[in-house]
Amino acid sequence: MARMKFYCDAERCIECNGCVTACKNANEVPMGVNRRRVVTIKDGEPGERSLSVACMHCSDAPCQAVCPVDCFTTTKDGIVLHNKDTCIGCGYCFYACPFGAPQFPSDGAFSSRGKMDKCTFCAGGPEEADNSPEEFRKYGSNRIAEGKLPLCAEMCSTKALLAGDANIVADIYRKRVVNRAASALVSISSLQQTGFQPTVVPPELEGKATATE
């Protein structure tokens, strides 16, 4: 049985926000709500990395654990879905989720912000899949029922965002890590063969002129 998961490869993400746009177009997400967003760490500094973040469809979902009306369900494929007919908009899941996935559709007080909205892994709602206009209106597209992967991952230009069975996603990333390590070893070997030794400048002398005898 598949266990559907997302993974974002920070070495490949270029912060193009193509995944965000694809998600909004595929699901007609309400204004002010982003089921997926790109977060940049150390923006403009050495070591800058970007990550595409959405609901991670946790195996032991904290949103599901705190919901007082049990409106979250986990499918046999491990996709965490949210029932908008049962949701009372209390916001407990909003505070419990470490990824900020559940969101209110509008501003205002809790009683007027409406029912929560979150990433569905493009699997529609918790009801039986029928690809009806009503299902699309409440939850967006149901690409999983059509045998497709979430559009955000399919539209990623650098294939940084991976989606699918956890074992397959892990194998893809494992091969990438091995290839990167091999490339680094080849680069180091080439430098050693040419006799090149990089000059290390002490931090206190960085940016200052030095004289050699």
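Not measured: the values here are computed from a predicted model.

## Describing the packing of aromatic side chains
This model, assessed by the stated rule, comprises four aromatic pairs. Ring centres 4.5 Å apart and planes at 40 degrees place the aromatic pair F6 and F121 in the tilted group. Within this pair, whereas F6 is found in strand β1 (residues 4–8), its partner F121 is found in the loop between α3 (92–96) and α4 (133–139), the two being separated by 115 residues in sequence. The exposure class assigned to F6 is buried, which follows from its relative accessible area of 6%.

## Observations concerning the pattern of salt bridges
The tally for this structure, following the rule as stated, stands at eleven salt bridges. Note that R180 is salt-bridged to D9, the shortest N-O span being 2.5 Å. Taken together, the positions of R180 in helix α6 (residues 166–194) and D9 in the loop between β1 and α1 (18–27) put the pair 171 residues apart, joining distant regions of the chain. Exposure remark for R180: the relative accessible area of 29% places this residue in the partly exposed category. Take D9: its relative accessible area is 1%, and that puts it in the buried class. Because the salt bridges share partners, they merge into one network encompassing D9, R176 and R180.

## Brief notes about the environment of L149
Structurally, L149 can be placed in the loop between α4 and α5 (151–154). Judged by its relative accessible area of 32%, L149 falls in the partly exposed class. In this structure, L149 is in contact with M4, R143, E154, A163 and G164, ignoring residues within four places of it in sequence.

## Concerning unusual backbone geometry
One non-glycine residue, E15, lies in the positive phi region at around 60 degrees. Following the sequence through the fold, E15 ends up in the loop between β1 and α1. With a relative accessible area of 34%, E15 lands in the partly exposed category. Positive phi outside glycine occurs at N17, with the angle close to 65 degrees. Note on placement: N17 falls in the loop between β1 and α1. By relative accessible area, N17 is classed as partly exposed at 30%.

Procedures and definitions
- Residues numbered from 1 in each chain as written.
- Predicted model: local features only at pLDDT ≥ 70, side-chain atom pairs only at ≥ 80, totals over all residues.
- Heavy atoms only, no water.
- Phe/Tyr/Trp six-rings, centres within 6.5 Å; stacked < 30°, edge-to-face > 60°.
- Helix = DSSP H or I, 4+ residues; strand = E, 2+ residues; numbered from the N terminus.
- Buried < 20%, exposed > 50% of the residue type's maximum accessible area, 1.4 Å probe, protein only.
- Salt bridge = Lys/Arg side-chain N within 4 Å of Asp/Glu carboxyl O.
- Contact = heavy atoms within 4.5 Å.

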